[in-house]
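Okay, here's what each chain looks like letter by letter:
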Amino acid sequence: MDLAKNNKSFDLECRDLRCNFGSFVAVDNVSFGVPEGDFFSILGPSGCGKTTILRMMAGFLEPTSGDILIKGKSVLNVPPNKRPVNMVFQHLALFPMMNVAENIAYGLIRQGVNKSDVSAKVNSALERIGLPGSGEKNIKQLSGGQQQRVAIARCLVLEPAALLLDEPLGALDLKLREHMKVELKKMQSQFDTTFVYITHDQSEALVMSNHVAVMNEGRFEQIGTPQDLYYNPNTAFVAGFVGESNRWHGRVDEVDATGIRVSTAEGVSFLAVPAGKERLAVGDAVDIFVRPESVVIAHDETRAHEMDNRLSGNVISVLFNGANSRALVREGRSGGELDVALPQTGEFSNLAVGQKVFLGWDQAQAKAFACPSGNNQGQGT
Amino acid sequence: MNTSNAARLGLILLLAPLLVWLLALVILPHIDMLLISLRERVAPQVYERSFANYAEFFTEPLYWRTFARTAIMSISATALTLLIAFPVSYYIAKMLRGRLKGFLFLLCLVPFWVSELVRTFGWMILLRESGVISNVLQWTGLADGPVEMLYNDATIMVGLVYTSMLFMVVPLVTTLDSLEDSLVEAGYDLGGNGLTVLRTIIIPHAMPGIVSGCIVVFMLTLGNYLTPILLGGKSSMWFTAQIYTQFITRFNWELGAAFGFLLLALSSAIVWTGLKLSRQTLSESMG
Amino acid sequence: MKYTKGFNTIVKTISGVLVSTGLIAFSAGAQAETLRLLTWGGYAPEAVVNIFEAASGIEVEVTNSNNEEMISKLRATGGAGFDLVQPSQDRISSAQIEFDIYKPINLSKINSGLMISSMLEGTKKNTTVNGKVYGVPHVWGTSALTINTDKASGIKDYTDLCDPKYAGKVTYRLKRPTLIAFAFSMGMDPFAAYNDKAKYADIMAKVEAKLKDCKSNVKAYWSGGDALINLLRSEEVVAAMAWDGSGWKLSAENPKIQTIAPTSGALGWIDTFALPKKTKAEDAAYKWINFVMQPKIAAMITEAAGNFTASKGSDAFVEESKRKLYQATFPPAAIDNINWYPPVPAGLEEMEGKVMDRVQAAK
Ligand SMILES: Nc1ncnc2c1ncn2[C@@H]1O[C@H](COP(=O)(O)OP(=O)(O)OP(=O)(O)O)[C@@H](O)[C@H]1O
Ligand SMILES: [Mg+2]
């Protein structure tokens, strides 16, 4: 599905959006549309321009060029207080001078809703976020997660066309963050609102979103469903940023119908396939990405034998994490390290450091991307 | 001697000058003043205990009118200072960054590089009939003859506001600085306009700064002596000038001391009322 | 702490007087051969101080002040903090009776041959309390009228300042000399009523009415020599009741501005030398008095202060132009017509103070 095309009723749409700070380009010709009811995430490393996009949508920043449409209408000349979108700020920005109920009522009062309706709406919102009867509480009396929910409820009672969330979980501890992921998703369906969610944490984006845009240095690298991004990354950046990967750098030796053969500087040779729309020729510098779960691990050579690519090495550490346990293996010939997912069968439960293991993976699991700089060194993740 | 004793001794030694200072320079003179205010001269060098001096304040309309005038002018000057200082402080705290911010802040300090007397004379040179502004007005044709801008209450107000500016700007900038931009943005984002954001978010946040600024400015203005005397007109009276007159030119320490205590009591009452009205506490605003 | 600071400013007039003078007394009292002189601006010019210090080895610390402050300072410390002070002769006896702040003068230590004897005798008489003399004369002068002859030649007496012709163009002080001057100008003799409180109150009531009436004519009440000079120099006012010395200074810049003796008589004052009760350098004080009364030195003081001294023969050393101005203001008849201030009896000043308060409060 191509979300950049204006062929559907989008709640929110950006066309060729650009934002310069002086000569620095923070957002570089970004186009996307968010369908109604979607949970849309923008995922990217710190400083890539995520907040800048969001602030342009909310109306706090004027785009250098491009257009922003909400429900099909351009909002470029609409001030923030008139835009039918609301924002949950990175540090929540709850009003400390008001109590919980007043915080939620703030926007309703501004909309001119009458008093009795305001308190009814506030109470129902408090109920929906699991804080009934907490209206009189001071903001500081709430836990981090409760504050989070109030900040979101404060926007959602206004029934915005879309809710913009700027890394709202960033300030929470890990455990709460895991919990809030589920909670957020629940709130979205409860209030039935379009969410535009910003994060640099790929797991947040993958777990919650219907669609994710991966952003890097002001540009969108790829827009798609989480599965799309994970299994069919279009660029080396997406492959590296979304999920874990083992990575090699090398040059193309051979090209044929099934794929390519690549050899690294250390003289190891692999079979791989060009990823996405890559067109590769002999002599091109490429990066190869292999997911840890695609690597098959075996005690003896026979099982790995069926694989297109084969290696052996010694375990240098075992990272036990229940179902997600991993082993770190030093490859024999090149001395590079590989991240390998351990099968959940328990077959490798007594894998010991220093033990020799055999590794292998299919050609189709090794995705090759052209590497423009050419001399990137590197192996492993 | 063990270490905790040594530490305590050190603390006492450190605090001693402060306590001596408080005792010698603040408390003792006040007790002395109180005793003086409670006596009445009956003959040369003969005094009697009495409340006559306090009674004098309430029975002689001149004195309490002077006080009322001083209080009203001080309250107005405080309000005016706040009105002018608030946007200035907001601009310094929220709109400016880096060097320019420091520079503008420093600009508020400029009036304090010269003494109050010199500052007041500066205003006189500018505003008098034969002064700079009058000449400029005539030169540009805006006025046909000399314009006298000195010797009226508006001039006193200008002088008082000018002198007080810094004492309002400093606490305001400090509190406004601590206001997160995102709160203001959230205020707009949720549908507020400039006025509602100011009323519901910025002012409540700045309240401690507003209150402490107002208290300091009010007290300084009330206690000002030179500005109202030099810039004021023939009928300009100021309560501290009245105290000075009683002490120095009338040799009437008894009445002067009584006035001093009345000023202390009445101004405290005004500040207390102000705090009650704005629902703030002193420790909050001064903390 | 800000709170206390606010209060401090308010009560600084109160406690400041007490404490600061106390501190000055402490710090200055340490050195022996120092003369702490509390005087008027111009009465101890640097040139004179330098000559004296070189000749005597005594260091002179000069503090400028006025009558009321001198009395208040000495009162606050019970007569300590200074070694020699210079209040006006009419203010000494009442302050002595009321506050006991002076020490009698040992006349044998004064070289009375240096002084104009009529002034010395007059001052001695006026500053005698319980048979002891508390003051000897130094500088004298008058409160007279200073007018801009181009614009206010019609003014001959104090009450002429109230002529509507000069509305908004005159100035005087709101101080006791003005009350006295207006009383004389209105044909009354306040000095004769000094010891009759009822009569004096009556005079003051009339003066009060006149000054309230006259208020609309006044541009501003001047409060110090600088303010007065600025008002006249800028021609913002055309006539003033002023110190003759200030008037003469202005004449030197602008001959149109002249000082005249009012028809009801100029008010004559004499500033004296008096010893604070707790003076610590009495000998140095006598040395200073005898030193500055030498004709040549006295002439230097006249140059600086603008007024003449009680030093016999010092006129001869004063610059010719100064003497001319003086003679123009005071032809011999005008000198005889001067009303010299007699000592103020206790209690009058309180009455006068209320009159002035009411005048200031009037619209
Ligand atoms: N007002 C501004 N002036 C100049 N440069 C800015 C401004 N705001 C942001 N930038 C720059 O634009 C880039 C993108 O900033 P932005 O805040 O959008 O990043 P982000 O993706 O939200 O990062 P983070 O995850 O750290 O919040 C950064 O390099 C930042 O330095
Ligand atoms: Mg950000």
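Scroll up to find the structure this text is about.
These numbers come from a predicted model, not from an experiment.

Draft legend 1. Broad picture of the interface of chain B and chain A. Contact residues are listed per partner, giving 19 residues for chain B and 22 residues for chain A. Carbon and sulfur atoms supply 63% of the area buried between chain B and chain A, which totals about 1,600 Å² over both sides. It is Glu185, Asp189 and Leu190 of chain B in chain B that bury the most area against chain A; as a group they hold 43% of the surface buried on that side. At the junction of chain B with chain A, the criterion picks out one salt bridge. Scanning the region where chain B abuts chain A turns up five residue pairs in polar contact (both at pLDDT 80 or more). Going through the elements one at a time, α8 (181–189) and α9 (194–223) of chain B are the ones with two or more residues in the side of chain B that touches chain A. Tallied by class, the residues present in the side of chain B that touches chain A amount to seven nonpolar, eight polar and four charged.

Draft legend 2. Representation of the sheet that holds strand β9 (residues 211–216) of chain A in the model. All names here are of chain A. Spatial strand order, β6-β7-β8-β3-β9-β10: six strands in an open sheet with mixed pairing. Each of the sheet's edge strands pairs with one partner strand only, and the pair in question is β6 (85–88) and β10 (219–224). Averaged over all pairs of adjacent strands, the angle between their axes in this sheet comes to 20°, without regard to strand direction. As paired strands, strand β7 (residues 162–166) and strand β8 (residues 194–199) are joined by five bridges and run parallel to one another. Residue pairing for β8: Leu164 is matched across the bridge by Val196. Sitting on the sheet, helix α4 (residues 144–156) touches β6, β7 and β8, and the angle it makes with β6 is about 170°.

Draft legend 3. Focus on the layout of surface pockets. Residues and elements named next belong to chain A. Size it by volume and the second largest pocket reaches roughly 660 Å³. Glu293, Ala323, Asn324, Arg326 and Ala341 are, among the 26 residues lining the second largest pocket, the residues nearest its centre. Elements with a contribution of two residues or more to the lining of the second largest pocket: α6 (202–208), β15 (296–298) and β18 (337–341). It is α6 that contributes the most residues to the lining of the second largest pocket, four residues altogether. Here the lining of the second largest pocket spans two domains, since at least three of its residues come from each of domain 1 (3–237) and domain 2 (244–370).

Draft legend 4. The arrangement of the sheet that holds strand β3 (residues 84–85) of chain C in detail. All names here are of chain C. In spatial order, the strands read β2-β1-β3; together these three strands make up an open sheet with parallel pairing. Here the strands that pair on one side only, and so sit at the sheet edges, are β2 (59–64) and β3. Of the strand pairs in this sheet, strand β1 (residues 34–39) and β2 are connected by six bridges, and their pairing is parallel. Looking at β2, one finds that Thr39 is bridged to Asn64. The sheet strands contacting helix α11 (residues 282–292) are β1, β2 and β3, and the helix crosses β1 at an angle near 60°.

What counts as what
- Residues numbered from 1 in each chain as written.
- Chains lettered and ligands numbered in written order.
- Predicted model: local features only at pLDDT ≥ 70, side-chain atom pairs only at ≥ 80, totals over all residues.
- Heavy atoms only, no water.
- Contact = heavy atoms within 4.5 Å.
- Buried area = accessible area lost by both parts, 1.4 Å probe.
- Salt bridge = Lys/Arg side-chain N within 4 Å of Asp/Glu carboxyl O.
- Polar contact = N/O pair within 3.5 Å; in protein donor to acceptor, adjacent residues only side chain to side chain.
- Helix = DSSP H or I, 4+ residues; strand = E, 2+ residues; numbered from the N terminus.
- Nonpolar A, V, L, I, M, F, W, Y, C, P; charged D, E, K, R; others polar.
- Pairing = 2+ DSSP bridges.
- Axes fitted to C-alpha atoms, helices over the stretch in contact; angles between N-to-C directions.
- 1 Å grid on protein atoms, 1.4 Å probe; cavity = no way out; pocket = protein on both sides within 12 Å on 5 of 7 lines; lining within 4 Å.
- Points joined across faces, edges and corners; volume = space filled by probe spheres on them.
- Domains from an automatic or database assignment.

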